[in-house]
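Read off the chains here:
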Amino acid sequence: MNAETTHFEPGQLQRFLDSDLTDAEQLAAERHLEVCDECRQQLHQSAADVTWWEDASDFLTDDEFEIVGTASNAIGPTAMMSQSRQSTADDAEADAIPTDIRQIIAWLDPTDDPAMLGRLGGYEIAGVVSAGGMGVVLKGFDRSLNRYVAIKILAPHLATSGAAKKRFGREAQAAAAVVHDNVIAIHGVDESHSLPYLVMPYLRGTSLQRRIDEHGALSVVEILRLGMQTAGGLSAAHDQGLVHRDVKPANILLDGTTERVLLTDFGLARAADDASLTHSGVIVGTPYFMSPEQAEGAAIDHRSDLFSLGSVLYTMCTGRPPFRADTSWGILRKVTDAQPHSIRDLNPDIPQWLCEIIVRLHQKDPANRFQTAHEVADLLGQ
Amino acid sequence: MDGGFADNFFNSTGFCVKYCHSIRVTVQEKDLNGIPDTQASLLIRVKDPLDRDAWLDFSDIYRPVIYRMARRRGLQDADAQDLTQRVLTSVAAKMGDWQHDPERGRFRAWLSTVTRNAIIDHLRKVKPDVAQGGSSLIQQLKHLPASDEATHSEIQRERRRQLFRRVAEDIRSEFGETTWMAFWLTAVDLTPVADVADQLKRSIGSIYAARSRVMRRLRQRVSELEADFDEC
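Residues numbered from 1 in each chain as written. Chains lettered and ligands numbered in written order. Predicted model: local features only at pLDDT ≥ 70, side-chain atom pairs only at ≥ 80, totals over all residues. Heavy atoms only, no water.

Novice: Would you take a moment to explain the overall build of chain A for this structure?
Specialist: Within chain A, the regular secondary structure consists of 17 helices and nine strands. Buried residues in chain A amount to 55% of all 382 residues. (Helix = DSSP H or I, 4+ residues; strand = E, 2+ residues; numbered from the N terminus. Buried < 20%, exposed > 50% of the residue type's maximum accessible area, 1.4 Å probe, protein only.)

Rendered as structure tokens:
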């Protein structure tokens, strides 16, 4: 029998699918499939028609709406995939790597350096630091300057939104123009294979969020020091006409040894808004530190950041955010309508005058707040 | 790699990583039977042990269906979980109305109808009562409501997604490692067959054979289950 030219007979196709052929027949059939597109199509068709094939790919791939916490989730298709990958030796490295990160790695340019994952622009990529809803952070090495950098890439699914991409670039450029001790430096903004990314110093340290999670409320001296630096960083950005929009403890980094405050992610919340409006309908971010005008969708200016700063100070004082509820809606409603619980009830060590500063920052009407971050920085620095 | 700094740094734009996590924990806590406690509390409403198994099976399929539909309408994780729970609670509450029938499939069909109505009912209420104006996050939630027809077909498609996943889990063990990989890499990840043949060190023909065999099995099992869940 000539494998190249002999097509499947109707019954044979069925028996082939049933693995019901002799070894010789089986081998011949497989050899025929090597070359015959017609029989491949027939085989596919008799396994399941085309909508099934489309559905399989669509349904078995994880998307952005995976529910967490159901029994079936623990052994979902992705987990099945990693299990099956474990057995192939040359894939062992890829085991623990989630799909979105694999995508990013696949999209890097090849490198000559075996210790590196790939190249991006002028950087050798040493590893993946983290991944989240908005993108991936890579650890890169800049050969020309002999230093490590953190490279933040807009997630491919967000990059399909032109508005988000433009915004990402524009806000990053604006943030790059802010030079201040308490604002993270941006080495550069660029684009590779039409995914925008920004390059920042790679630092060791923690964030205010983690600090509060681990140690609870901070001492008054610490609150004043970190609060003053945060307000200082904000005022430098505001002077450039840049509103942060997402001031929260997770965006306040504490540099390794000195614990100097470094504000990060200026304006990126806005890029995410654009993407979610045009792409997925998902709200990015947590509303705990939003201002009332943000919650209501009203126009915002730099004074929105001051409300958020008030919430950050409150969290440093008490170890918990001021407006809390079980659902995002509940939180938003409290942000717009409710007064937070008195700080001194929760932590009597906080002096009254500091509480008053926070109350002033928490005014629902921006006109009743402090008007500039400078003022707040000065007050906290006294 | 020491990523302490950068972890947080990234999370700052990630999807409410910190706080959603704490909300999720309550959903993930398990009782002694390994059932997440929210499901366990729903189970208490279901008196008949036979029905309990059926209910578990059933809510496993529908929970992600409802959650996805809620997320797609702009709800955040916690709110979507919450809505899912409310829909399932309302369905569980109706289970007492069920007249026992020896045929288990009928129970599912009846439950599917009840659930469909509950989903349509609850999703219709997804209209936040917040201030008008602006182009905010909140605005996008005020999308035009879908027709009940459209919602119905969305439910069916989402349920089909869950059935695919359930079946893929179930039949996974019926196939050898390489066969399953051949299917997954080519049919799900859409990697070209030639590349997968290379990677798995198999002939192209055997990759075609493997993926088709898995697909046929998948189709058979999903079709059976789907008929079972079809509404009356």
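Novice: Can you walk me through the overall build of chain B in this structure?
Specialist: Of regular secondary structure, chain B possesses eleven helices and zero strands. Secondary structure elements in chain B, listed N-terminal to C-terminal, are α-α-α-α-α-α-α-α-α-α-α. The buried share among the 232 residues of chain B stands at 57%. Pairs at least 24 residues apart make up 66% of the contacts formed inside chain B by residues separated by at least 6 positions. Here chain B displays about 9900 Å² of accessible surface, and carbon together with sulfur accounts for 50% of that area. (Contact = heavy atoms within 4.5 Å. Areas by Shrake-Rupley, 256 points an atom, 1.4 Å probe, with all protein chains shown as cover.)

Novice: What is the right way to look at the pattern of salt bridges in this model?
Specialist: When the charged atoms of two side chains lie near each other, side chains of opposite charge can form a pair. Under the defined criterion, the tally for this structure stands at 28 salt bridges over all chains. We note a salt bridge from A:Arg119 to A:Glu124, for which the minimum N-O separation is 2.6 Å. Judged by relative accessible area, A:Arg119 falls into the partly exposed class, the value being 28%. For A:Glu124, a relative accessible area of 5% translates into the label buried. Put simply, A:Asp246 and A:Lys248 hold a salt bridge, and the shortest N to O gap is 3.4 Å. By relative accessible area, which is 4% here, A:Lys248 ends up buried. When salt bridges that share partners are traced, they join B:Arg68, B:Arg72, B:Arg73, B:Glu154, B:Glu158 and B:Arg161 into one network. (Salt bridge = Lys/Arg side-chain N within 4 Å of Asp/Glu carboxyl O.)

Novice: Is there a simple way to explain the confidence of the model for chain A in this structure?
Specialist: Close inspection of predicted coordinates is inappropriate for parts of the model with low pLDDT. Residues and elements named next belong to chain A. With 78% of its residues at a pLDDT of at least 70, chain A reaches an overall mean of 78. Throughout residues 69–96 the model reports pLDDT below 50, and contacts reaching past four residues in sequence, or to other chains, amount to 46 contacts. Every residue in residues 274–285 is under pLDDT 50, and counting partners more than four places away or in other chains gives 38 contacts. (pLDDT = per-residue confidence, 0-100.)

Novice: Looking at this structure, I do not really get the packing of aromatic side chains. What am I missing?
Specialist: For any two aromatic rings, the description comes down to two numbers: the centre-to-centre distance and the angle of the planes. Under the criterion given, the structure shown has ten aromatic pairs over all chains. A cation sits over an aromatic face here: B:Arg160 above A:Trp52, 4.3 Å from the ring centre. Positioned above the aromatic ring of A:Phe16 is the side chain of B:Arg213, whose terminal nitrogen or guanidinium carbon lies 4.8 Å from the ring centre. (Phe/Tyr/Trp six-rings, centres within 6.5 Å; stacked < 30°, edge-to-face > 60°. Lys NZ or Arg CZ within 6 Å of the ring centre and 35° of its normal.)

Novice: Would you mind going over the sheet that holds strand 8 (residues 252–255) of chain A with me for this structure?
Specialist: Strand pairing in a sheet takes place through backbone hydrogen bonds and is either antiparallel or parallel in direction. All names here are of chain A. The antiparallel open sheet is built from three strands, whose spatial order is 7-8-9. Two strands lie at the open edges of the sheet, namely strand 7 (205–207) and strand 9 (261–263), each paired on one side alone. Between one strand axis and the next, the sheet turns by 30 degrees as a mean value, whatever way the strands run. The pairing of strand 7 with strand 8 spans three bridges and is classified as antiparallel. (Pairing = 2+ DSSP bridges. Axes fitted to C-alpha atoms, helices over the stretch in contact; angles between N-to-C directions.)

Novice: Please explain helix 10 (residues 220–239) of chain A as it appears in this structure.
Specialist: Since the α-helix advances by 3.6 residues per turn, residues separated by three or four positions end up pointing in the same direction. Residue and element names in this part refer to chain A. The terminal C-alpha atoms of helix 10, which comprises 20 residues, lie 28 Å apart, in line with the 28 Å expected from a rise of 1.5 Å per residue. Extensive coverage of helix 10 is indicated by the burial of 15 of its 20 residues. Immediately downstream of helix 10, the backbone of glycine 241 shows phi near 80 degrees, a positive value. (Expected span 1.5 Å × (residues − 1).)

Novice: Help me out: how do you make sense of the packing of helix 8 (residues 148–171) of chain B against helix 11 (residues 204–229) of chain B in this one?
Specialist: The axes of two packed helices give the description: the angle between them and the distance between them. Residue and element names in this part refer to chain B. The N-to-C vectors of helix 8 and helix 11 enclose an angle of 130 degrees; their axes lie 9 Å apart at closest approach. As judged from the angle between their axes, helix 8 and helix 11 are oblique. Every pair of crossing elements has a handedness; the one defined by helix 8 and helix 11 is right-handed. Contacts between helix 8 and helix 11 involve Arg159, Arg160, Leu163, Phe164, Arg166, Val167, Ala168, Asp170 and Ile171 from the first element and Val214, Arg217, Leu218, Arg221, Val222, Leu225, Glu226 and Phe229 from the second. Among the residues forming the contact of helix 8 with helix 11, the class breakdown is ten nonpolar, no polar and seven charged. (Parallel < 35°, antiparallel > 145°, perpendicular 65-115°, else oblique. Left-handed = near helix turned anticlockwise from the far one by under 90°. Nonpolar A, V, L, I, M, F, W, Y, C, P; charged D, E, K, R; others polar.)

Novice: How do you make sense of the side chain of B:Thr115 when you look at a structure like this?
Specialist: Within the fold, B:Thr115 resides in helix 6 (residues 104–124). Not counting chain neighbours up to four residues away, the residues in contact with B:Thr115 comprise B:Phe58, B:Tyr62 and B:Val91.

Novice: Even after reading the chapter, I still don't get the confidence of the model for chain B, so can you show me in this structure?
Specialist: All names here are of chain B. When pLDDT is averaged along chain B, the result is 70; 63% of the residues meet or exceed 70. Confidence drops under a pLDDT of 50 for residues 1–41, and excluding neighbours within four residues, the segment shows 110 contacts in the predicted structure. In the predicted structure, residues 128–144 sits below a pLDDT of 50 and forms 42 contacts with residues beyond four places in sequence or in another chain.

Novice: Would you mind showing me how to read the nonpolar core here?
Specialist: In globular proteins that are soluble, nonpolar side chains generally tend to be buried together. Ranked by internal contacts, the top residues of the largest apolar core, which has 131 residues, are A:Met316, B:Tyr62, B:Phe183, B:Met215 and B:Leu218. Excluding residues that lie within four positions of it along the chain, B:Tyr62 makes contacts with B:Leu88, B:Ser112, B:Thr115, B:Ile119, B:Ile155, B:Arg159 and B:Phe229. Residues A:Leu108, A:Ile125, A:Leu138 and A:Val149 belong to the second largest nonpolar core, which totals 14 residues. (Core = buried A, V, L, I, M, F, W, Y, C linked by side-chain atoms within 4.5 Å.)

Novice: What am I meant to see in unusual backbone geometry here?
Specialist: With the exception of glycine, most residues fall at negative phi, and the peptide bonds are largely trans. All names here are of chain A. Positive phi is not limited to glycine here, since serine 19 has a value of about 55 degrees. Relative to the assigned elements, serine 19 resides in the loop between helix 1 (10–17) and helix 2 (23–35). Accessibility expressed as a relative area gives 45% for serine 19, which makes it partly exposed. A positive phi is found at arginine 245, a non-glycine position, where the angle reads about 80 degrees. Topologically, arginine 245 is positioned in the loop between helix 10 and strand 8.

Novice: What's the story with the environment of A:Asp337 in this structure? I'm lost.
Specialist: Residue and element names in this part refer to chain A. Mapped onto the fold, aspartate 337 is located in helix 14 (residues 328–337). The class for aspartate 337 is exposed, based on a relative accessible area of 58%. Each C-alpha atom, one on aspartate 337 and one on proline 292, is 8.2 Å from the other, the two residues being 45 residues apart in sequence. Among the polar contacts made by the side chain of aspartate 337, one reaches the side chain of threonine 336 at a distance of 3.3 Å. (Polar contact = N/O pair within 3.5 Å; in protein donor to acceptor, adjacent residues only side chain to side chain.)

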